[in-house]
Amino acid sequence: MKSLVIAEKPSVGKDIARVLHCPKSGNGFLEGTDYIVTWALGHLIELSDPESYGEQWKTWKMETLPMLPEKLEIQVIPKTGKQYQTVKTQMYRKDVGTIIIATDAGREGELVARWIIKKAGVHKPMKRLWISSVTDRAIRQGFEHLKDAKEYEKLYQAAVARAEADWLVGLNATRALTVKHNAQLSCGRVQTPTLSMIAKREAQIKSFQPKSYYSLKIKGNGLSWNWKSKENSYSTFSEKTVRQVLENVQNSTGTVEEVKKKLHKSYAPKLYDLTSLQQDANRLFGFSAKQTLDYMQRLYEHHKALTYPRTDSRYLTQDIVETLPERIRACRSGSYGRICSQLLKSPVKGNKSFVDDKKVSDHHAIIPTEQGVTLSSLEYGERKIYELVISRFLAVLLPPCEYEQTEVTVSCEGELFTVKGNIIRQAGWQEIRLLQKESGILSDEEDGTDTDTETDLSSAASEILENLPEFSKGQRILFSEGKITEGKTRPPLPFTEATLLAAMENPVRYMEGSSQSLKKTLGETGGLGTVATRADIIEKLFNSFMIEKKDKYIHLTSKGRQVLDLAPSGLTSPELTARWEQQLAQIAKGAASKKDFEAEIRAYTADIVEDIRISSKTYRHDNLTRKKCPECGKLLLEVNHKNGRMLVCQDRECGYRKTLSRITNARCPQCHKKMELSGEGENQRFTCVCGYREKLSAFEKRKKESGGGVSKRDVSKYMNKMKKEAEEPLNNAFASAFAKLKL
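Treat the numbers as computed from the prediction; the structure is a model and nothing was measured. (Residues numbered from 1 in each chain as written. Predicted model: local features only at pLDDT ≥ 70, side-chain atom pairs only at ≥ 80, totals over all residues. Heavy atoms only, no water.)

1. Quick look at the overall build of the protein chain
Across its full length, the protein chain holds 22 helices and 24 strands. When contacts within the protein chain are restricted to residue pairs at least 6 apart in sequence, long-range pairs at least 24 apart make up 72% of them. Accessible area of the protein chain: about 35600 Å², with a carbon and sulfur share of 47%. (Helix = DSSP H or I, 4+ residues; strand = E, 2+ residues; numbered from the N terminus. Contact = heavy atoms within 4.5 Å. Areas by Shrake-Rupley, 256 points an atom, 1.4 Å probe, with all protein chains shown as cover.)

Here it is as structure tokens:
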């Protein structure tokens, strides 16, 4: 008898088939002596549409809500129905004795395979392949240690509970809001709290009152000394105080009170999980969360260069340690060849800073595989992501950076002044940082992260010098002229995709009034959404015009603000996700009942529909234009999309849309910011926020003359891409549901 292997995607299925020696090609499967390998295309099965339960839900009416089918059914996704039939046929083959689930190792991966098996109605023994990378070695080892599928039954139950809860709450709330306000509105347990966090950040910025603060630097022995207040801060809000200090100490002599020398160690940042990688890629290269995930997916599936991307762990398991030398060898072809050779000169060891089995759940951190890749075969974005992962991987293997810090404190007229200096004793992992700066990946300004808090006066310390002269206690220092500098406290910055991802991962500060238990749960379970879904949530908010981007910063639109006001209050807080994750974790452990969770969700669904029904709040379009839709005659809406502006018909069933402008990669010759391309045909022109304007034809000519030419083919390709994007659904999660709605 043969075993049937079900992978999640064709590329992974083909890799498994190669390792298992399955050369015979079929229509949607590969076959060998002992195994048949087939695959899904992501999800092949989904929860059934409301319309499938009867006539009452085929039209959107408030009186037919809430939709609470006695039992939620599953259906074949129409566009992938052919592949489902292929998988089903293989499962029913008489020579197949065992089914091996080889979908992604996690809650959602379990759901992909189990729903296919359930829909097909097949009952055969099942095994589980649980691996974190798709290299030949990992696949072979995984098949040598197959698990009994029964071990993952509770995980499957938790996955079903999550899917059904999102169906009940999301579709009912969306349908209720839409018919109540006669507008295309949607809400859900992840997207609405995400909107709420953006709104709270904007409120913080709007209400922020800047305050002036003052610092004092004074010259002495050729150095600039920093005044340190009695509150141990380098600045003060009192201008009078700092002026009095300057008056007292200028042209006075101070005494060295203390010369403190201490050896410090700086350790490398943790290995990447998907969220931290998305944050750095957005901060350094401007990649969206979705772009980074797409690049990672190709590096994982196609190039086999990196391990599984959808991980929330930043540690490795002990069994990975023995593979580290081989992974280092795979990284030698790039900029880090010298460091790889340096590491391989001695035994490669793991330590608790990056190896901890207890801190790895489904998958370990993202690291290079043993196979390596030719850098010239990678696209620009793929190479940038690959090099980021390599740099972090090598950094944790290098020793810590060791430096000696000297702090000299001088007392003068009862006031303290300090100067600091560092001497590097061992560069350690900072060699990676230096290579990144040399290659232009990091600049001095980017050697950090976007600030997420208000100005902290205590941290406004002086620069740290590299070559500090020797000082001794009791030494006299003559202070000459001093300089008072004034600054203003700054509010937190608006969210970028990087900082929004961080907030979604750790939304505790946005859970006012919630219990410590819920806050702890949300921290332990990874916050709002999962590493695999956060990028899609942000994209959905852009595509449904609830958020927009100005430069790199994210802002709420009028529609987004109104949805927050109209949505039931329980759906606007991360607390709902925290409660769900607590219960889902218990279901996965077998400590709670899926039936009890479902009963609670059904009661909650009925409550939120009633809240929307009785609400006296109203919704209004404030972006209506005077232009009529050429297809249905209704007035068009002008919306700011993530990458430009477009006209959209307010009637979802009509679906008409027209691109007005797109943010391009063309840079302004004056300020070097990305320019916007608008107009049609010969009237297409670039405009920049600085006021610069240029016709597309003139731009092409200028580029050609400068030697950095943009060919007509490139322009045509770009315009076709814009057209294709303009025709794509704008609200993917509920597009099919809205398409059936008549307003």
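Additional details are given in the paragraphs that follow.
2. Re the sheet that holds strand 3 (residues 29-31)
If you walk across this open sheet you meet the 7 strands as 2-3-4-1-7-8-9, and the pairing is mixed. The open sheet terminates on both sides in strands that have one partner only, identified here as strand 2 (24-26) and strand 9 (147-148). Here strand 8 (residues 126-128) pairs with strand 9 via 2 bridges, running antiparallel. Looking at strand 9, one finds that Lys127 is bridged to Asp148. Its contacts with the sheet place helix 1 (residues 10-19) against strand 1 (2-7), strand 3, strand 4 (35-39) and strand 7 (96-102), and it is angled at close to 170 degrees to strand 4. (Pairing = 2+ DSSP bridges. Axes fitted to C-alpha atoms, helices over the stretch in contact; angles between N-to-C directions.)

3. A closer look at unusual backbone geometry
The residue after Leu65, namely Pro66, is reached through a cis peptide bond having omega 5 degrees. The phi torsion at Asn221 lies on the positive side, around 55 degrees, for a residue other than glycine. Here Asn221 lies in the loop between strand 10 (212-220) and strand 11 (223-228). Unusually for a residue other than glycine, Asn232 sits at a positive phi of about 65 degrees. Note that Asn232 resides in the loop between strand 11 and helix 7 (239-249).

4. What about the nonpolar core?
Counting 81 residues, the largest nonpolar core has Met91, Trp115 and Ile116 as the members making the most contacts within it. Of the residues forming this core, the biggest block, 14 residues, is contributed by helix 5 (residues 153-181). Contact partners of Trp115, with chain neighbours within four places excluded, come to Ile45, Glu46, Leu47, Ile74, Tyr156, Val160 and Ala163. Grouped together as the second largest cluster of nonpolar side chains are 49 residues, Met296, Leu343, Val373 and Leu378 included. (Core = buried A, V, L, I, M, F, W, Y, C linked by side-chain atoms within 4.5 Å. Buried < 20%, exposed > 50% of the residue type's maximum accessible area, 1.4 Å probe, protein only.)

5. So, the environment of Cys690
The topology assignment puts Cys690 in the loop between strand 23 (685-687) and strand 24 (693-695). Apart from residues lying up to four places away in sequence, Cys690 is in contact with Cys668, Gln670 and Cys671.

6. Digging into the packing of aromatic side chains
A full pass over the atoms with the stated rule returns 13 aromatic pairs. Considering the side-chain rings of Tyr53 and Trp167, the 6.2 Å spacing of their centres and the 70 degrees angle between planes classify their relative orientation as edge-to-face. Note that Tyr53 is positioned in the loop between strand 5 (45-47) and strand 6 (74-76) and Trp167 in helix 5, a separation of 114 residues in sequence. Residue classification places Trp167 among the buried positions, given a relative accessible area of 8%. Ring geometry for Phe285 and Phe287: centres 5.5 Å apart, planes at 40 degrees, overall tilted. The pair Phe285 / Phe287 is uniform in exposure class, with both members buried. Following the ring pairs from residue to residue traces out a cluster consisting of Trp225, Phe417, Phe471 and Phe479. Taking NZ or CZ as reference, Lys211 lies 4.1 Å from the ring centre of Phe237, over its face. Sitting over the ring of Tyr272, Arg392 keeps its end group 4.1 Å from the ring centre. (Phe/Tyr/Trp six-rings, centres within 6.5 Å; stacked < 30°, edge-to-face > 60°. Lys NZ or Arg CZ within 6 Å of the ring centre and 35° of its normal.)

7. Structural notes on the packing of helix 1 against helix 4 (residues 136-144)
At their nearest, the axes of helix 1 and helix 4 sit 10 Å apart, and the two run at 70 degrees to each other. In terms of orientation, helix 1 and helix 4 fall into the roughly perpendicular class. Listed contacts from helix 4 to Asp15, Ile16, Arg18 and Val19 of helix 1 are Asp136, Ile139, Arg140 and Phe143. Looking at side-chain class alone, the contact of helix 1 with helix 4 contains 4 nonpolar, no polar and 4 charged residues. (Parallel < 35°, antiparallel > 145°, perpendicular 65-115°, else oblique. Nonpolar A, V, L, I, M, F, W, Y, C, P; charged D, E, K, R; others polar.)

8. A look at the pattern of salt bridges
Applying the stated rule across the entire model yields 44 salt bridges. Among the salt bridges present, the one from Glu202 reaches Arg561, with a minimum N-O distance of 3.3 Å. With Glu202 in helix 6 (residues 191-207) and Arg561 in helix 17 (residues 558-566), this pair connects stretches of sequence that are 359 residues apart. Among the residues examined, Glu202 registers a relative accessible area of 18% and is labelled buried. The partner of Arg283 in a salt bridge is Asp280, and the shortest N-O contact between them spans 3.1 Å. (Salt bridge = Lys/Arg side-chain N within 4 Å of Asp/Glu carboxyl O.)

9. What about the pairing of strand 1?
Along any regular strand, the residues point their side chains to alternate faces of the sheet. Counting buried residues in strand 1 gives 6 out of 6 residues, a clear majority hidden from the surface. By the alternation rule, side chains of strand 1 split into Lys2, Leu4 and Ile6 and Ser3, Val5 and Ala7, which are all buried. Here strand 1 pairs with strand 7 via 6 bridges, running parallel. Each residue of the ladder has a partner; that of Lys2, found in strand 7, is Val96. Direction of pairing for strand 1 relative to strand 4: parallel, over a ladder of 5 bridges. Each residue of the ladder has a partner; that of Ser3, found in strand 4, is Tyr35.

10. Some thoughts on helix 1
All buried positions along helix 1 are accounted for by Val12, Gly13, Asp15, Ile16, Ala17 and Val19. Taken together, the buried residues of helix 1 touch strand 1, strand 3, strand 4, strand 7, helix 4 and helix 9 (289-301). Within two residues after helix 1, His21 carries a phi angle of roughly 60 degrees, on the positive side.

11. Some words on the pairing of strand 14 (residues 415-426)
In this sheet, strand 14 lies alongside strand 11 in antiparallel orientation, the contact comprising 3 bridges. Bridge pairing in strand 14 links Lys228 to Leu416. The pairing of strand 13 (residues 401-412) with strand 14 spans 11 bridges and is classified as antiparallel. In the sheet register, Thr409 faces strand 14, and the bridge partner there is Thr418. Linking strand 13 back to strand 14 in an antiparallel pair, the connection comprises 2 residues, with Glu413 at a positive phi of about 55 degrees.

12. Observations regarding the environment of Ile614
Structurally, Ile614 can be placed in helix 19 (residues 594-614). Once the C-alpha coordinates of Ile614 and Lys180 are considered, the two residues, 434 residues apart in sequence, prove to be 9.6 Å apart.

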